[in-house]
Amino acid sequence: MRPTDAADPDYFHKVVDCQWACPAHTPVPEYIRLIAQGRYDQAYMVNWVSNVFPGILGRTCDRPCEPACRRGRVEEANAAKPEPVAICRLKRVAADYKGGEVRAMMPRPQPRNGKRVACVGGGPASLTVARDLASQGYSVTVFDGDPKAGGFMRTQVPRFRLPEHVIDEEVGYVLGQGAEFHGSRRIDSMKDLLAQPWDAVFVGCGAPRGRDLQIPGRQEAAADIHIGIDWLASVSFGHVTSVKKRVIVLGGGNTAMDCCRSARRLGADDVKVVVRSTFEDMKASPWEKEDAQHEGIPIHPCHVPKAFIVEGGRLVGMRFELVESVYDANGRRTLKPTGAPDVVFDCDEVLVAVGQENAFPWIEADCGVEFDTWGLPKLDAKTFQSTVPKVFFGGDAAFGPKNIITAVAHGHEAAVSIDRFLHGEAVAQRPPPHVNLVSQKMGIHEWSYHNAPSDDTRFKVPWADAERALASIRVEVELGFDLETAVKEAERCLNCDVQTVFTDKACIECDACVDICPMDCISFTDNGDEAELRGRLKAPALHADQALYVSGALKTGRVMVKDEDVCLHCGLCAERCPTGAWDMQKFLLLTTKAGPACRDGKKPQPKQEARA
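Keep in mind that this is a model prediction, so the values were computed, not measured.

### A few points about the sheet that holds strand 21 (residues 522–525)
The strand order across the open sheet built from 3 strands is 21-23-22, with neighbouring strands paired in antiparallel fashion. The sheet terminates laterally at strand 21 and strand 22 (548–550), the two strands that pair on one side only. Each neighbouring strand pair of the sheet contributes to a mean axis angle of 25 degrees, computed without reference to strand direction. Examined bridge by bridge, strand 21 and strand 23 (residues 559–563) share 4 bridges and lie antiparallel to one another. Bridge pairing links threonine 525 to valine 559 in strand 23.

Right, here's the structure in full:
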């Protein structure tokens, strides 16, 4: 194998698995350390720069960082159920315990530059674009059909998961950067919008249409059948305040979980979730399924809807066919009937949450914006630019329904594209991130970071009393960590951004680092092909998706090989090394945002991200 190019920003970035997995590339270990130090304002700002909505995401994020967390892998041999650090809930800690200084730490908007940008939709993607561009001097106007900004964060996430005051606060920080919000103003013509003097247009209107289910009985029972996302919006706005006693929720995604839990709080005695897939294949996040079951809501997998049962003009039940999932060699799933008798569930009301799709009735066919066969805009996947050069898309409107953190990531990238476009620069050219490595050495055996991994198992977030929580749609269920528990959970983090950096010219091959490594992840051996080399290390490196750290040739001709996959970042190798060949260096990656740092000839300027 060739020596590892540690100067490549992606190499050490990928070692920080949580940050690598986060669509917005939030520096997770950095803010967790700040929480452990009691520096909640700074922890909040690290999040705010990257993901814009720390308090909202600390309650609702889909947590792509947590399955990637190294903690779950290094515990595999010793834990019945190895669990990652509670990254998402620690983000909420930063939001819950921050002081009043964060607004003063946010950047002062630059003077207006004369460029005008329209954002269609008031959800997370548009608000991210608005924050990034308004702070750089652009006149940004956000249009939304709802009276208040927030998009689906406000209208479709129930208040028992996300209190409205959290949305108001964090949307307020965005608008505080100088963006204007025009609520109750639905854009109904792209041609009219393009005829106005906007220098760029960003479309972040989401995927506003829920899929229906056209099976026998649908029209006859229409009054008691509701599309899930529309129903959740009606609940949010107070138009729906009660449900009938027996409710079936169709679908296996997070929307279905929000529907069933909301129905339970609005008075239903019998709530069932019925899904076509297996329980394991449901699209809902594992914790969303667990929360629904914790509240006594059963989930019935492998049931395909066949008919709504109507008697005397009234919905009384649904009929389902039992199926099993069959997978071909490529992993594609088909549903095969089991031949068992159909199942009938009694119900008075049905919520259909079987998916969402994009709807752009307001974008005329002859305005220049082209769409593919799936009804999605034709976009450059990196720049989010459409076939009309000054029109950009992001969030669910770009590639279909995803989640809040993905919408934020789209917003950042689209803002960079718009900034470069309006400066006459190539949109497809993406500036590299700002990266540095700083030694954590404070003495022979002392580091400027806490390097002793905790043996604690994952701490549980307390819930509100069940009787009280289920009695109201507006009582927040999760209470969040108290500070003592938050610090203990933070100490479970392995500080994966504090990298083990090796200097081959200083190595005398004494094997002291090999002897002291608690994970047996360092080997000195002859070089070879990667597949063969992985198998003959001191501990075989089994996860090929994580790179090996390979040195240049040492004095004996051997190489040092380190398995990054299970390293604890404890620093014992660097403490034991007699020559300083090993060092612990904190890796910092800041993705480039809109502004001078993203333009040609300009170096990234991370100090402009926020005021200390």
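### Details of the sheet that holds strand 9 (residues 299–300)
Across the sheet, 5 strands lie side by side as 6-14-7-8-9; this open sheet has parallel pairing. Two strands close off the open sheet at either side, each with one partner strand: strand 6 (225–227) and strand 9. Where strand 7 (residues 246–250) lies against strand 14 (residues 349–352), 4 bridges are found, and the strand directions are parallel. Each bridged residue has a counterpart across the sheet, and for leucine 250 the counterpart in strand 14 is valine 352. Helix 15 (residues 254–265) contacts strand 7, strand 8 (270–274), strand 9 and strand 14 of the sheet and is inclined by roughly 170 degrees relative to strand 8.

### A short note on the pairing of strand 23
Burial runs high along strand 23: 5 of the 5 residues are buried. Burial along strand 23 is two-sided: the residues Val559, Val561 and Asp563 and Met560 and Lys562 are all buried.

### Observations regarding the environment of glutamine 196
Following the sequence through the fold, glutamine 196 ends up in the loop between helix 13 (190–195) and strand 4 (200–203). Overall, the relative accessible area of 33% leaves glutamine 196 in the partly exposed class. Spatially, the C-alpha atoms of glutamine 196 and glutamine 177 are 24 Å apart, while their sequence positions differ by 19 residues.

### Overview of unusual backbone geometry
Although it is not a glycine, phenylalanine 384 sits at a positive phi angle of roughly 65 degrees. Inspection of the secondary structure puts phenylalanine 384 in the loop between strand 15 (356–357) and strand 16 (391–393). One non-glycine residue with positive phi stands out, namely aspartate 511, at about 70 degrees. Within the secondary structure, aspartate 511 is located in the loop between strand 20 (498–502) and helix 21 (512–516).

### Some words on the confidence of the model for the chain
Taken residue by residue, the chain gives an average pLDDT of 93. The fraction at 70 or more is 97%. A low-confidence stretch, residues 603–612 (pLDDT under 50), is modelled with 26 contacts involving residues beyond four sequence positions or located in other chains.

### Structural notes on the pattern of salt bridges
Per the counting criterion, the structure on display carries 49 salt bridges. Between aspartate 96 and arginine 59 there is a salt bridge, with the nearest N and O atoms lying 3.2 Å from each other. Of this pair, aspartate 96 sits in helix 8 (residues 87–97) while arginine 59 sits in helix 5 (residues 54–60), and the two are 37 residues apart along the sequence. Exposure remark for arginine 59: the relative accessible area of 9% places this residue in the buried category. For glutamate 164, the salt bridge is made with lysine 148, and the minimal N-O distance between the two is 3.8 Å. Placement of glutamate 164 in helix 12 (residues 164–175) and of lysine 148 in the loop between strand 2 (139–143) and helix 11 (152–155) is noted, with a sequence separation of 16 residues between them. Ionic contacts of the salt-bridge type, sharing partners, join the residues Asp17, Arg70, Arg73 and Asp565 into one network.

### A closer look at the packing of aromatic side chains
Tallying each qualifying case throughout the model produces 13 aromatic pairs. On the basis of an interplanar angle of 55 degrees and a centroid distance of 5.6 Å, the ring pair of phenylalanine 320 and phenylalanine 345 is categorised as tilted. A residue pair is termed long-range when its members are at least 10 positions apart, and phenylalanine 320 in strand 11 (residues 314–327) and phenylalanine 345 in strand 13 (residues 343–346) qualify at 25 residues. Through pairs of rings, three or more aromatic residues link up here, namely Tyr11, Phe12, Tyr549 and Phe587. Between the NZ or CZ atom of lysine 98 and the centre of the ring of tyrosine 44, over which it lies, the distance is 4.9 Å.

### Overview of the pairing of strand 24 (residues 582–590)
Among the 9 residues that make up strand 24, 7 are buried, leaving the element largely enclosed by the rest of the structure. Looking at chain direction, strand 17 (residues 434–439) and strand 24 are connected through 6 bridges and run antiparallel. Residue pairing for strand 24: serine 439 is matched across the bridge by glutamine 585. In the sheet, strand 20 pairs with strand 24 via 5 bridges, with the strands oriented antiparallel. The residue bridging threonine 500 from the neighbouring strand is methionine 584, located in strand 24.

### Things to note about the packing of helix 14 (residues 228–236) against helix 15
Relative to each other, helix 14 and helix 15 sit at 45 degrees, their axes nearing to 10 Å. When the axes of helix 14 and helix 15 are compared, the pair comes out oblique. Relative to helix 15, the crossing made by helix 14 is left-handed. Taken together, the residues of helix 15 that come into contact with helix 14 (itself represented by Gly228, Ile229, Trp231 and Leu232) are Thr255, Asp258, Cys259, Ser262 and Ala263.

### Here we look at the packing of helix 8 against helix 20 (residues 483–490)
Interaxial distance between helix 8 and helix 20 falls to 10 Å at its minimum, and their mutual angle equals 140 degrees. The orientation of helix 8 relative to helix 20 falls into the category oblique. For the element pair helix 8 and helix 20, the recorded crossing hand is left-handed. Listed contacts from helix 20 to Leu90, Val93 and Tyr97 of helix 8 are Leu483, Ala486, Glu489 and Ala490. Looking at side-chain class alone, the contact of helix 8 with helix 20 contains 6 nonpolar, no polar and 1 charged residues.

About the cut-offs
- Residues numbered from 1 in each chain as written.
- Predicted model: local features only at pLDDT ≥ 70, side-chain atom pairs only at ≥ 80, totals over all residues.
- Heavy atoms only, no water.
- Pairing = 2+ DSSP bridges.
- Helix = DSSP H or I, 4+ residues; strand = E, 2+ residues; numbered from the N terminus.
- Axes fitted to C-alpha atoms, helices over the stretch in contact; angles between N-to-C directions.
- Contact = heavy atoms within 4.5 Å.
- Buried < 20%, exposed > 50% of the residue type's maximum accessible area, 1.4 Å probe, protein only.
- pLDDT = per-residue confidence, 0-100.
- Salt bridge = Lys/Arg side-chain N within 4 Å of Asp/Glu carboxyl O.
- Phe/Tyr/Trp six-rings, centres within 6.5 Å; stacked < 30°, edge-to-face > 60°.
- Lys NZ or Arg CZ within 6 Å of the ring centre and 35° of its normal.
- Parallel < 35°, antiparallel > 145°, perpendicular 65-115°, else oblique.
- Left-handed = near helix turned anticlockwise from the far one by under 90°.
- Nonpolar A, V, L, I, M, F, W, Y, C, P; charged D, E, K, R; others polar.

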